[in-house]
Amino acid sequence: MVVTRDADVLFAHSRDASGIELVPEGVARASSVDDVVEVVRFAAGTGTAVTPAGSQTSMTAASITDHGLILSLAAMTRIADVDVERRVARVEPGVRIGDLNRTLAEHGLMFAPDPTSEEDATIGGAIACNASGARSLHYGPTRNHVNALSIVHADGEVACYSRFRPEKNAVGYAAAQDPVDWFVGSEGTLGIVVEAELSLVRIPFTPIGLAIPFRTETAALDFVVAARSRESRRSPRCLEFFDAGALAIAADSAGLPWTESALALVYLEDDAGRDGDVDEVLAAWLRVAEANDALSGDIRVYEGAQALREARVMRHAVPATMNERGARFRHQGGRKISTDWAVHYRRLGEALAVSREAIERHGAPSPVTYGHAGNGHPHQNFIAEDGEALNRIQAAIEETLVCVVRMGGTVSAEHGLGKLKRRWLGLQLGARQIELMRAMKNVLDPSGMFSPGNVL
């Protein structure tokens, strides 16, 4: 085992998508399960902390540390098996989601979760934070698609866990019955994933996308509610919202300016091949759009896989642009700050109104808002130009989160807590729940070796 302490290597592993920098004490690179076991046993014997990392696209500083080692799993990129008949794949944690789906496409299959950074995000990272994405409206988050995991525990033991899914079961506490769920969403704090068996879905026959502009944000959010109701008679696989700021970025990236009357947009995708031809599906969505005051003459249609990829580039331009804007202020103590709270989709407009009031009350800058409105799950991207602005933004976010939880929502829908959002764990979970989490941590990682500072 080689631990690198070269300054350039340490710096290269000191940043993720959170906008902050933590320089590790060392970096170890693994290319096999044996390498991971060796690092963990070394760390256990020397009292060294270990934070596993892949491509470091975390939004919450979960994949960086200034305490102990970064264990890079980026070289563990083997797709061990694709079973087309059973629709499962066995993969190592460093496999990138985009690469996996290109391989699966040859068999007419795909891994359904689609985080925005799918060309960079790894399977290990997706499992660590239970990542989702635009298609989670239809397919659900990563947790739903993980059948089995191979884990390296804190003592260096390798254990394999598979889903336990009898129709009836009355043995023990529910929290202990399925160990796979211990690790999905654990953000590297309970063990290190070295292989995963994933369930796959068939690629839709005729996927279509529609970008539907609206004169007001309220009309766009009303359309989202209608799209999920019986009124639409459809089952969209994603419903993505853009406010005026996000729409301006997306339009600029596509080189296709929308009508000046548009102050919001909803992008949806539908698998037209399931139960009708494309014209019928388009007509159904046009009726819903017109009933909700859409600018129907400016709707754009994306038909087929290539066109949908182009539409995704337009959508992904929003966080990419905001990342660039935030990076300009790092030297002043500023950065981009991104929320990922969620409420019931019918209450999204109400929650955004509460957020605007909190932003105004604390004198925080207005965010660019976009994301998974179909799940009641927006991303608010703030730009803090300095430390003072950052504090104002954090205060406004915390006030918003208190209200979000009162609405039955969550402080984090897909990014996890990491180091940046752990302060808000107590807003959502009670003292007994947090103590139960600490008990799990003490059983699985008694020395606190794995990913210190994440979640707890």
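Residues numbered from 1 in each chain as written. Predicted model: local features only at pLDDT ≥ 70, side-chain atom pairs only at ≥ 80, totals over all residues. Heavy atoms only, no water.

**Q** Describe the pairing of strand β12 (residues 207-214), and please don't skip the residues or the numbers.
**A** Here β12 lies mainly inside the structure; eight of its eight residues are buried. Because side chains alternate across β12, one face comprises the buried residues P207, G209, A211 and P213, and the other comprises I208, L210, I212 and F214, equally buried. Direction of pairing for β12 relative to strand β14 (residues 264-271): antiparallel, over a ladder of eight bridges. By the bridge assignment for β14, F214 is matched with A264. As judged from the four bridges shared by β12 and strand β15 (residues 300-303), these two strands associate in the antiparallel manner. (Buried < 20%, exposed > 50% of the residue type's maximum accessible area, 1.4 Å probe, protein only. Helix = DSSP H or I, 4+ residues; strand = E, 2+ residues; numbered from the N terminus. Pairing = 2+ DSSP bridges.)

**Q** Before we move on, could you go through helix α12 (residues 348-362) and cite the residues and values that matter?
**A** Between its terminal C-alpha atoms α12 stretches 21 Å, which fits the 21 Å expected from 15 residues at 1.5 Å a residue. Inspection of α12 places L348, A351, L352, V354, S355, A358 and I359 among the buried residues, and these make up the whole buried set. Take α12 and look down its axis: the buried residues cluster within an arc of 155 degrees, on one side only. Opposite the buried face of α12, at more than 90 degrees from it, the exposed residues are E360 and R361. Tucked into the core, α12 has its buried residues touching α8 (217-227), β17 (368-372), β18 (377-384) and α13 (387-406). Positive phi appears at G363, one or two residues downstream of α12, with a value of about 65 degrees. (Expected span 1.5 Å × (residues − 1). Arc of directions from axis to C-beta. Contact = heavy atoms within 4.5 Å.)

**Q** Please give an account of the nonpolar core that cites residues and values.
**A** I212, F214, F223, L239, W285 and W341 are the most contacted members of the largest nonpolar core, which has 52 residues in total. Contributions of two or more residues to this core are made by β12, α8, β13 (238-242), β14, α10 (278-291), α12, β18 and α13. Every residue in contact with W285, bar those within four places of it in the chain, is listed here: L210, F223, A227, S232, R234, P236, L268 and D270. Formed by 27 residues, the second largest nonpolar core is a distinct cluster that contains L100, A159, Y161 and L444. (Core = buried A, V, L, I, M, F, W, Y, C linked by side-chain atoms within 4.5 Å.)

**Q** Explain empty space enclosed by the protein to me, using residue names and the numbers behind them.
**A** A complete count under the given rule lists one cavity of 30 Å³ or more for this structure. By volume, the largest cavity amounts to about 160 Å³. Forming the boundary of the largest cavity are 18 residues, of which I337, S338, T339, K421 and W424 lie nearest the centre. For the lining of the largest cavity, the element with the highest residue contribution is strand β16 (residues 335-338), accounting for four residues. (1 Å grid on protein atoms, 1.4 Å probe; cavity = no way out; pocket = protein on both sides within 12 Å on 5 of 7 lines; lining within 4 Å. Points joined across faces, edges and corners; volume = space filled by probe spheres on them.)

**Q** Which residues make up the sheet that holds strand β8 (residues 146-152), and what are the values?
**A** Reading across the sheet, the five strands line up as β5-β6-β10-β8-β9 and stay open at both edges, with antiparallel pairing between neighbours. Looking at the sheet topology across the chains shown, the edges are occupied by β5 (79-83) and β9 (158-162). Strand-to-strand twist of the sheet, defined as the mean angle between neighbouring strand axes without regard to direction, takes the value 10 degrees. Bridging between strand β6 (residues 88-91) and strand β10 (residues 192-199) involves four bridges; their strand directions are antiparallel. (Axes fitted to C-alpha atoms, helices over the stretch in contact; angles between N-to-C directions.)

**Q** With reference to specific residues and values, describe a negative patch on the surface.
**A** A grouping of D277, D279, E280 and E303 is seen on the molecular surface, where their side chains present a negatively charged patch. Locating D279 in the fold gives a position in helix α10. A relative accessible area of 59% places D279 in the exposed class. (Patch = residues over 30% accessible without salt bridge, like charges linked within 9 Å, V, L, I, M, F, W, Y side chains within 5 Å. Areas by Shrake-Rupley, 256 points an atom, 1.4 Å probe, with all protein chains shown as cover. Salt bridge = Lys/Arg side-chain N within 4 Å of Asp/Glu carboxyl O. Lys, Arg positive; Asp, Glu negative; His and termini not counted. Charge placed at Lys NZ, Arg CZ, Asp CG, Glu CD.)

**Q** Account for the pattern of salt bridges, naming residues and giving values.
**A** Enumeration according to the criterion identifies 26 salt bridges in this entry. Between D181 and R143 there is a salt bridge, with the nearest N and O atoms lying 3.0 Å from each other. Note that D181 is positioned in helix α7 (residues 180-183) and R143 in the loop between α5 (136-139) and β8, a separation of 38 residues in sequence. A relative accessible area of 26% means that R143 is categorised as partly exposed. Linking D298 and R300 is a salt bridge whose minimum nitrogen-to-oxygen distance equals 4.0 Å. A relative accessible area of 19% means that R300 is categorised as buried. One network of salt bridges, with partners in common, ties together D114, R135, R237, E269 and R312.

**Q** Lay out α10 in plain terms, naming residues and giving numbers.
**A** Its 14 residues place the ends of α10 20 Å apart at the C-alpha level, agreeing with the 20 Å of an ideal helix rising 1.5 Å per residue. Where α10 is concerned, the buried positions are V278, V281, A284, W285, V288 and A289. Buried residues of α10 fall within an arc of 135 degrees about the axis and therefore sit on the same side. Every exposed residue of α10 that faces more than 90 degrees away from the buried side is listed here: D279, E280, R287 and A291. As for α10, its buried residues are in contact with β12, α8, β14 and β15. Trailing α10 by a residue or two, D293 shows a phi angle of about 65 degrees, which is positive.

**Q** Break down the packing of α8 against α10 for me, citing the residues and quoting the values.
**A** Contact geometry for α8 and α10: axes closest at 9 Å, N-to-C directions at 135 degrees. In terms of orientation, α8 lies oblique with respect to α10. Where α8 crosses over α10, the handedness of that crossing is right-handed. Across from F223, A226 and A227 in α8, the residues of α10 making contact are W285, V288 and A289. (Parallel < 35°, antiparallel > 145°, perpendicular 65-115°, else oblique. Left-handed = near helix turned anticlockwise from the far one by under 90°.)

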